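Single-letter residue listing:
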Amino acid sequence: MGYDVSVFEPYPFRVGQKIRIENSRRAGDWEVAAVNDRTVTLRCPITNKTFEWNKFCYLVAEEEDAVWPQKDE
């Protein structure tokens, strides 16, 4: 008898990558500034502030020709 299993893997961030995080306390548009084995450093494209966090994201979708950064409406 088999089971339905959900498998998650950390996302392989790349320096310079433009990303959007949704439904999280880190929600918003970011640029990947640095990556190492354990952490990712993200830069806000509006304020230019950077934040280093333990790797945490998982890929949900990839968008082509998307508006970035998004403006609040």
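Here, the structure is the one placed above.
Since we're looking at a predicted model, the values are computed, not measured. (Residues numbered from 1 in each chain as written. Predicted model: local features only at pLDDT ≥ 70, side-chain atom pairs only at ≥ 80, totals over all residues. Heavy atoms only, no water.)

### Describing the pairing of strand S2 (residues 28-35)
Alignment of strand S1 (residues 18-21) against S2, held across four bridges, turns out to be antiparallel. By the bridge assignment for S2, Arg 20 is matched with Asp 29. Two successive antiparallel strands, S1 and S2, enclose a turn made up of six residues, where Asn 23 displays a positive phi of approximately 55 degrees. With four bridges joining them, S2 and strand S3 (residues 39-43) adopt antiparallel strand pairing. The residue of S3 that forms the bridge with Val 35 is Val 40. (Pairing = 2+ DSSP bridges. Helix = DSSP H or I, 4+ residues; strand = E, 2+ residues; numbered from the N terminus.)

### Things to note about the nonpolar core
Counting residues in each nonpolar core, the largest one holds ten residues, listed as Tyr 11, Phe 13, Ile 19, Ile 21, Trp 30, Val 32, Val 40, Leu 42, Cys 44 and Trp 53. Of all elements in the fold, only S1, S2 and S3 reach the threshold of two or more residues within this core. Excluding anything up to four places from it in sequence, Cys 44 contacts Asp 29, Trp 30 and Lys 49. (Core = buried A, V, L, I, M, F, W, Y, C linked by side-chain atoms within 4.5 Å. Buried < 20%, exposed > 50% of the residue type's maximum accessible area, 1.4 Å probe, protein only. Contact = heavy atoms within 4.5 Å.)

### Things to note about the sheet that holds strand S4 (residues 50-54)
Taking strand neighbours across the sheet as the criterion, the four strands line up as S1-S2-S3-S4 in an open arrangement whose pairing is antiparallel. Of all strands in the sheet, those with a lone pairing partner are S1 and S4, marking the two edges. For this sheet the average axis-to-axis angle between neighbouring strands, irrespective of direction, equals 40 degrees. (Axes fitted to C-alpha atoms, helices over the stretch in contact; angles between N-to-C directions.)

Purely geometric stuff here, so don't read any function into it on its own.
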